[in-house]
Amino acid sequence: MTDAPDDPSTEEDPPEGTDPAGADLARTALGRARAAAAAKGLRPGRAPLGGMKPAEARRAEALRRTGASARSGAWPDARDPQSLDSTLGRLVGERGWEQPVAVGGAFGRWDAVVGPELAGHCAPETLKDGTLVVRAESTAWATQVRLLTSHLVRRLDEELGHGVVTKVVVRGPQGPSWRKGGRSAPGGRGPRDTYG
């Protein structure tokens with residue numbers, strides 16, 4: 001089978017009186033479609049100027065408008081798929097969340113930071129303005145943690161960076177609260193002798 005000529009003007013209709021069939025019918029329809037497209041100024045079946053297919057030309061135009069290059073190089077760039085680790089690292093860096101993320105990581109790994117024995121009896125509550133508040137399960141353990149504050153600050157300096165934790169406040173177990181409801185008298189002394 002021979003290729004159809006590129007020039008639509010050379011396409012010929014089948015001779016009068018014959019019934020076109022199969023490839024002849026398709027060739028005739030293609031010739032008419034090309035002639036109609038050429039009359040509209042289109043170049044069907046050919047790549048647009050520059051040698052690109054229409055989809056590639058649209059992509060190149062979109063990339064040109066955004067300022068990106070039309071083709072990727074041999075090395076990864078911003079348009080390539082990124083790992084979740086690098087994307088989150090970039091986000092944390094751009095937002096200035098390095099310290100809060102490090103503190104959250106240390107709180108989450110408290111047993112690895114201070115050791116399993118100490119972590120079994122106390123837990124971090126807050127870290128604000130360099131002051132770490134630790135809650136102990138008993139007054140005896142609160143005393144023990146107070147004796148170990150210098151070791152605790154040194155270990156947290158290794159984990160979080162120097163100067164993030166400057167002071168450790170150790171609190172014992174929280175006593176029962178008699179406060180009921182959302183309202184109370186300011187400066188009130190509590191229930192006192194209301195036990196009848």
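Look above for the structure.
Definitions and limits used
Residues numbered from 1 in each chain as written. Predicted model: local features only at pLDDT ≥ 70, side-chain atom pairs only at ≥ 80, totals over all residues. Heavy atoms only, no water. Salt bridge = Lys/Arg side-chain N within 4 Å of Asp/Glu carboxyl O. Helix = DSSP H or I, 4+ residues; strand = E, 2+ residues; numbered from the N terminus. Buried < 20%, exposed > 50% of the residue type's maximum accessible area, 1.4 Å probe, protein only. Pairing = 2+ DSSP bridges. Core = buried A, V, L, I, M, F, W, Y, C linked by side-chain atoms within 4.5 Å. Contact = heavy atoms within 4.5 Å. Axes fitted to C-alpha atoms, helices over the stretch in contact; angles between N-to-C directions.

**Structural notes on the pattern of salt bridges**
Pairing between side chains of opposite charge can happen when their charged atoms approach one another.
(1) Moving on: In the structure shown here, the tally under the stated rule is six salt bridges.
(2) Moving on: With a shortest N-O distance of 3.2 Å, arginine 27 and aspartate 24 are connected by a salt bridge. Of this pair, arginine 27 and aspartate 24 both sit in helix H1 (residues 23–39), three residues apart, which is roughly one turn of the helix.
(3) Moving on: You can call arginine 27 partly exposed: its relative accessible area is 28%.
(4) Moving on: Of the charged contacts in the structure, one is a salt bridge between arginine 90 and glutamate 94, with a shortest N-O distance of 3.5 Å. Of this pair, arginine 90 and glutamate 94 both sit in helix H3 (residues 84–95), four residues apart, roughly one helical turn.
(5) Moving on: Classification of glutamate 94 by relative accessible area gives exposed; the value is 56%.
(6) Moving on: Ionic contacts of the salt-bridge type, sharing partners, join the residues Arg109, Arg155, Glu158 and Glu159 into one network.

**Things to note about the pairing of strand E2 (residues 131–136)**
For a regular strand, the rule is simple: side chains alternate between the two faces of the sheet.
(1) Moving on: Two elements, strand E1 (residues 122–128) and E2, share six bridges in a ladder whose sense is antiparallel. Within E2, the residue paired with proline 124 across the bridge is valine 134.
(2) Moving on: Linking E1 back to E2 in an antiparallel pair, the connection comprises two residues, with aspartate 129 at a positive phi of about 55 degrees.
(3) Moving on: Summarising the sheet, E2 and strand E3 (residues 167–171) pair through five bridges and their orientation is parallel. Within E3, the position partnered with leucine 132 by the bridge is valine 168.

**Overview of the nonpolar core**
(1) Moving on: One finds Trp110, Val134, Leu156, Val165 and Val168 to be the most contacted residues of the largest nonpolar core, which totals 21 residues.
(2) Moving on: Put simply, the parts of the chain that give this core at least two residues each are helix H4 (98–108), helix H5 (110–114), helix H6 (116–119), E2, helix H7 (139–147), helix H8 (149–160) and E3.
(3) Moving on: Top contributing element to this core by residue count: H8, with four residues.
(4) Moving on: Residues contacting valine 165, with those up to four places away along its chain left out, are Leu127, Gly130, Leu132, Val153, Leu156, Asp157 and Leu160.

**Some points on unusual backbone geometry**
(1) Moving on: Its identity as a non-glycine residue notwithstanding, aspartate 129 has a phi of 55 degrees, on the positive side.
(2) Moving on: Looking at the element boundaries, aspartate 129 is found in the loop between E1 and E2.
(3) Moving on: Owing to a relative accessible area of 74%, aspartate 129 belongs among the exposed residues under this scheme.

**Side note on the sheet that holds E1**
(1) Moving on: As summarised here, the arrangement of the three strands in space is E1-E2-E3, forming an open sheet in which the pairing is mixed. Two strands close off the open sheet at either side, each with one partner strand: E1 and E3. Across this sheet, the average inter-strand angle for adjacent strands is 25 degrees, counted without regard to direction.
(2) Moving on: Relative to E1, H4 is tilted by about 170 degrees, and along the sheet it contacts E1 and E2.
(3) Moving on: Where H8 meets the sheet, it contacts E2 and E3, and its direction lies at approximately 125 degrees from that of E3.

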